[in-house]
Structures are given as structure tokens and as C-alpha cells.
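Tertiary structure, described
Spelled out from the first residue to the last, the chains are:
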Amino acid sequence: MENKASVMVQSYELGRLLGQGTFAKVYYARNTVNNQSVAIKVIDKGKITKTMLIDRIKREISIMRLVRHPNIVYLYEVMATKTKIYFVLEYAKGGELFDKVAKGRLNEDVAWKYFYQLIHAIDFCHSRGVYHRDIKPENLLLDENENLKVSDFGLSALVESERRDGLLHTICGTPAYVAPEVISRKGYDGAKADIWSCGVVLFVLLAGYLPFHDSNLMEMYRKIEKADYKCPSWFPREMRRLLSRMLDPNPVTRTSIAMIRQSSWFKKGLRSMNVRSGTKDDAIAAVSDGNQEMDRPPTLNAFDLVSLSTGFDLSSLFEDDSRKKETLFTCRKPASVLLSKLEEIAKLVRFRVQKKEAGLLRLEALTEGKKGVLSIDTEIYEVTSSFYLVEMKKSNGDTLEYQKILKEDIRPALQDIVWVWRGEHEQQQQRKPWPRPRPNDRSSV
Ligand code: AMP
């Protein structure tokens with residue numbers, strides 16, 4: 001694959017360079033099978049985080065592969081060679097939103113539309129435990145209908161540790177969009193950090209310039225930490241109030257997405273923005289398409305299932321050996337059914353459920369094995385309220401012991417609630433052709 005990378009990456013024909021970020025180059029490309037335009041982001045493996053973040057990156061990428069929202073750039077496929085990772089993305093034909101702002105500030109109803117779509121996209125991902133952490137102009141793109149597309153959801157963690165070491169800010173530009181708690185490298189809440197960045201975006205859309213700006217970087221940090229900014233005279237009062245809540249330097253008191261949705265400026269847009277231009281209608285139509293998608297289980301097709309099979313095995317991206325230790329499956333039962341099944345299995349194999357928090361269940365053997373107490377972490381990710389991605393991974397003990405118990409006890413016991421095991425699709429494909437279990441069939445839910 002790599003030999004031909006200048007022209008072809010698997011079935012994609014690479015075209016012009018669309019843009020270049022700190023860690024990646026993005027090319028226009030065409031899928032030679034279906035002629036679809038895509039954008040391919042190429043990242044050098046040497047530049048990505050090699051820390052414990054990898055687990056989170058894998059989880060977030062897996063989730064982003066399974067969810068779809070009209071205001072989020074869709075991730076079609078991930079491919080890897082020894083040295084590079086290729087993310088095949090939905091192509092945002094309209095380019096960067098901020099190229100528009102560079103030509104002059106936007107009027108209120110247009111700014112409202114983009115902000116409205118941005119908040120919906122952020123809310124959608126936050127509700128699935130995925131945080132952007134790097135909302136900035138380059139990540140806000142437009143499609144051919146001038147709808148906002150947020151890019152890089154789930155991918156920003158790839159470069160997070162580098163981004164947070166502070167040093168790179170001076171090399172790669174200003175931290176103009178970054179929340180104060182991120183700059184000061186305190187542990188931070190991804191949701192609150194994203195809200196701060198959305199506040200900066202809102203300011204820029206309506207002002208045409210940055211709220212925190214100084215040629216001296218230290219002075220700029222100081223301004224960010226104190227939320228020292230001035231609104232131009234044309235900012236509406238209600239919008240100023242919302243902005244001050246978003247640009248609160250204290251993440252604890254900073255507003256939430258739910259409160260933004262309740263704010264008078266946000267709601268005013270829904271009632272009274274310039275309907276003549278069609279702006280409001282377009283914005284709402286685009287977002288409501290997303291709501292429909294959120295309400296139903298994602299429509300998975302053969303391509304999507306590959307994401308759970310070896311074709312999308314992210315462990316190969318990082319050359320770790322996690323594949324040996326982890327097992328991944330999807331489940332289309334309610335959370336309560338899934339949880340009680342896991343508890344039942346724990347009893348069956350004489351394990352105790354040791355920890356249960358934010359989707360993590362640790363199963364621990366009651367007796368000590370060859371290499372200490374065997375424990376299995378089970379992480380449950382909600383894709384929709386009736387669709388879950390579950391990852392089981394040995395966190396302590398003997399690997400052979402773990403594999404045996406998994407094969408002989410756990411997997412058979414889970415069989416009636418598992419929809420698809422990772423890797424199952426490929427095996428099925430070898431045995432018999434499509435169709436697989438019907439993704440749209442809700443009868444089993
Ligand atoms: P990034 O590395 O994500 O900051 O991307 C660098 C630049 O490539 C962006 O600023 C965009 O101009 C362009 N780009 C990234 N993703 C896409 C996409 N999906 N469609 C079109 N252009 C993109």
C-alpha cells in the first residue's frame with residue numbers, strides 16, 4: 001500500500017492536499033469503487049501518543065465509527081501501514097468556516113445557525129462520552145449546503161499529550177481556543193473544556209476577531225485565565241450573557257450544554273431569527289435529521305460491522321498486543337439486561353463484581369490463580385439507548401487462564417445477548433454470504 005501512497009491508498013485515489021494540521025496532512029481522494037469523494041487524513045505513527053491514552057483513542061474511534069450525526073464529519077474507514085494511519089473521512093466541500101469569518105464577521109442569524117449546529121454536534125458526542133478537546137477553526141468545516149461539520153471528534157486524543165505539554169503551543173500557534181484549566185495542565189473535564197472553546201468560536205463568529213489575543217503569549221495566557229475580554233458594541237445583550245457563562249474561567253461554575261440550550265439567545269434564534277433567508281429552517285432541518293438518527297439504533301451495514309472485525313482492529317494501529325487480551329461485542333438489549341447478565345455470569349464463574357462506575361465493571365476471581373487474582377474489566381459504551389459496545393479485557397492474572405474462562409464460560413453464557421462479536425463478521429463471510437442479522441430489525445431489542 002505504501003509504495004503507491006502518492007497515487008493510491010487501497011481503493012482510494014489520492015488528489016490534492018486539502019490542508020495540513022500539526023500532526024496530519026489531509027488529501028482529497030476518490031473512492032474508485034463507488035466514485036465517492038472523501039478526505040483522507042494521514043498521520044505519521046511516530047507523531048502519535050504512545051501512552052495509556054491509546055485505550056481511550058481506540059474506544060473513541062470505535063464509537064465515532066458507529067455514530068452518525070449530520071453536523072459531524074463521518075469517519076468511514078481507518079487503514080494503517082507500518083508508519084502511517086489513514087483516516088478516511090466524509091469530504092466537507094465547503095472548506096473551513098473561518099475562511100468565511102476571515103472575510104468579515106457574520107450577521108447574527110448566520111452566526112446563530114452555526115452555533116446551533118455546533119452545540120448539537122457537541123451534545124451528541126458528549127452524551128456518548130466522547131469529547132473533542134480541540135475545537136478550533138480548522139476543525140469547523142462546511143458541507144456544500146453550508147451546514148457545519150465538526151471534524152476530528154475522537155481523533156484529538158491522538159495528539160493530546162503533545163498538545164498539553166505547553167511547549168508545542170508556542171511552535172504551532174496560539175492557544176486562543178483552549179480553556180484555562182487545560183492551559184494550566186490541571187486535570188480537566190472534557191465537556192467543560194469543549195464549552196469554553198465553543199464560547200470562543202461564538203465570539204469570533206460575531207466579532208470577526210478573537211476574544212483573547214496578545215502578541216505576548218504569557219499575556220495572552222493571563223487574559224484567558226481571567227477571562228479578560230471585551231464584547232464589541234454590536235453584540236446583543238442576551239448573547240453577551242450566554243457568552244459570559246461559557247467563558248467562565250472556573251470549569252465548575254461554567255455553564256453546561258443543557259443550560260446553553262435553555263439560554264434566551266439560543267431559544268430566541270429558534271423563535272425569531274431571520275426566517276426569510278431560510279437560515280433558521282436549514283439549521284433546524286439539518287439538526288433534526290440528526291435527532292432522527294439518534295432515536296433509532298444505528299443502521300449498521302456490512303461495512304460497519306467490519307469495524308468490529310479484524311479489518312478495523314485498532315490494535316494494529318498502535319502495535320500493541322491488546323488484541324490478545326480484549327474481546328469486543330455489540331449488544332442490542334437494554335442496559336439493565338446487559339448488566340444483570342454480566343452479574344449472573346460473574347456468579348457462574350465464581351467472580352465478584354468489584355467495581356461499578358461510569359460504565360466500568362470489574363470482575364474479580366474469588367480465588368487466586370497462577371499469576372494472582374484474575375480480573376476482567378468490562379467497559380460498556382452506550383452508542384444509543386438500545387445499542388451498546390462492550391469491551392472485556394484482562395486487567396490482572398494469567399492470560400491463558402483468562403482465555404480459557406472466556407472461551408469456555410463467558411462467551412457461551414453471553415451468547416443470547418450478544419449481537420455481533422468482533423471478528424464474527426469475517427468468519428461468517430467465509431462460511432456464508434450476506435445477509436447477517438438484520439440491523440433494522442427491532443424485534444430482538
Ligand atoms: P486537520 O489536520 O484536521 O486540522 O486538517 C487540516 C485541514 O485539512 C483543515 O483545516 C481543512 O482545511 C482540511 N480538512 C480536514 N478534514 C477535511 C474534510 N473532511 N473535508 C475537507 N477538508 C478537510
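As a starting point, this report considers the structure included with it. This structure is a prediction, so every number in the text was calculated from the model and none was measured. (Residues numbered from 1 in each chain as written. Predicted model: local features only at pLDDT ≥ 70, side-chain atom pairs only at ≥ 80, totals over all residues. Heavy atoms only, no water.)

Focus: the overall build of the protein
Summing up its helical and strand segments, the protein has 18 helices and 15 strands in all. Put simply, of all contacts in the protein between residues at least 6 apart along the chain, 64% involve residues at least 24 apart. Looking at the protein as shown, the accessible area adds up to about 20,500 Å², and 49% of this sits on carbon and sulfur atoms. (Helix = DSSP H or I, 4+ residues; strand = E, 2+ residues; numbered from the N terminus. Contact = heavy atoms within 4.5 Å. Areas by Shrake-Rupley, 256 points an atom, 1.4 Å probe, with all protein chains shown as cover.)

A short note on the site of the ligand
The immediate surroundings of the ligand are formed by 16 residues, with Lys41, Glu90, Ala92, Glu96 and Asp152 found nearest. Contact distances for the ligand include 2.9 Å between a nitrogen atom and a backbone N or O atom of Ala92. Within the side chain of Glu96, a nitrogen or oxygen atom sits 2.3 Å from an oxygen atom of the ligand. In the complex, the protein chains occlude 93% of the 480 Å² of accessible area that the ligand would expose alone. Sorting the residues of the shell around the ligand by element identifies strand 2 (12-20) and strand 4 (37-44) as the ones contributing at least two each. (Near = heavy atom within 4 Å. Polar contact = N/O pair within 3.5 Å; in protein donor to acceptor, adjacent residues only side chain to side chain.)

What about unusual backbone geometry?
For Asn35, which is not glycine, the phi torsion reads 70° and is therefore positive. Position of Asn35 among the secondary structure elements: in the loop between strand 3 (24-31) and strand 4. At Glu146, a residue that is not glycine, the phi angle is positive and equals roughly 65°. With respect to the element layout, Glu146 can be found in the loop between strand 8 (140-142) and strand 9 (148-150).

Quick notes on helix 16 (residues 335-348)
Its 14 residues give helix 16 an end-to-end C-alpha distance of 20 Å, which sits within 8% of 20 Å, the value for a rise of 1.5 Å per residue. Directly after helix 16, the chain includes Arg350, whose backbone phi takes a positive value near 60°. (Expected span 1.5 Å × (residues − 1).)

Regarding the sheet that holds strand 7 (residues 95-96)
The three strands are arranged 7-8-9 in an open sheet whose pairing can be described as antiparallel. Both outer strands of the open sheet, strand 7 and strand 9, are each paired with one neighbouring strand and no more. As paired elements, strand 8 and strand 9 share three bridges and run antiparallel to each other. Within the sheet, the bridge partner assigned to Leu140 lies in strand 9 and is Val150. (Pairing = 2+ DSSP bridges.)

Quick word on the nonpolar core
Formed by 58 residues in total, the largest nonpolar core has its most connected members in Phe98, Phe115, Leu140 and Leu205. Here this core takes 12 residues from helix 7 (residues 190-207), the largest share from any one element. Those residues in contact with Phe115, other than ones at most four positions away along the chain, are Cys198, Leu202, Leu205, Leu242, Met246, Ile260, Trp265 and Phe266. One finds Leu363, Val390, Met392 and Ile410 within the second-largest nonpolar core, a separate group that totals 26 residues. (Core = buried A, V, L, I, M, F, W, Y, C linked by side-chain atoms within 4.5 Å. Buried < 20%, exposed > 50% of the residue type's maximum accessible area, 1.4 Å probe, protein only.)

A closer look at the environment of His120
For His120, the location among the structural elements is in helix 3 (residues 108-126). In this structure, the C-alpha to C-alpha distance between His120 and His69, residues 51 residues apart in sequence, is 9.0 Å. A polar side-chain atom of His120 sits 3.0 Å from the main-chain carbonyl oxygen of Tyr116.

A look at the packing of aromatic side chains
For the structure shown, the criterion picks out 12 aromatic pairs. Here Trp112 and Tyr116 contribute two aromatic rings whose centre-to-centre distance is 4.7 Å and whose plane-to-plane angle is 25°, an arrangement assigned as stacked. Pair noted here: Trp112 and Tyr116 are both in helix 3, with a separation of four residues, about one helical turn. Take Trp112 and Tyr116: they sit in the same class, and that class is buried. A ring pair is formed by Phe115 and Phe266, whose centres lie 6.1 Å apart and whose planes are at 75°; its orientation type is edge-to-face. With Phe115 in helix 3 and Phe266 in helix 11 (residues 264-272), this pair connects stretches of sequence that are 151 residues apart. (Phe/Tyr/Trp six-rings, centres within 6.5 Å; stacked < 30°, edge-to-face > 60°.)

In short, the description is geometric, and any link to function would need to be established separately.
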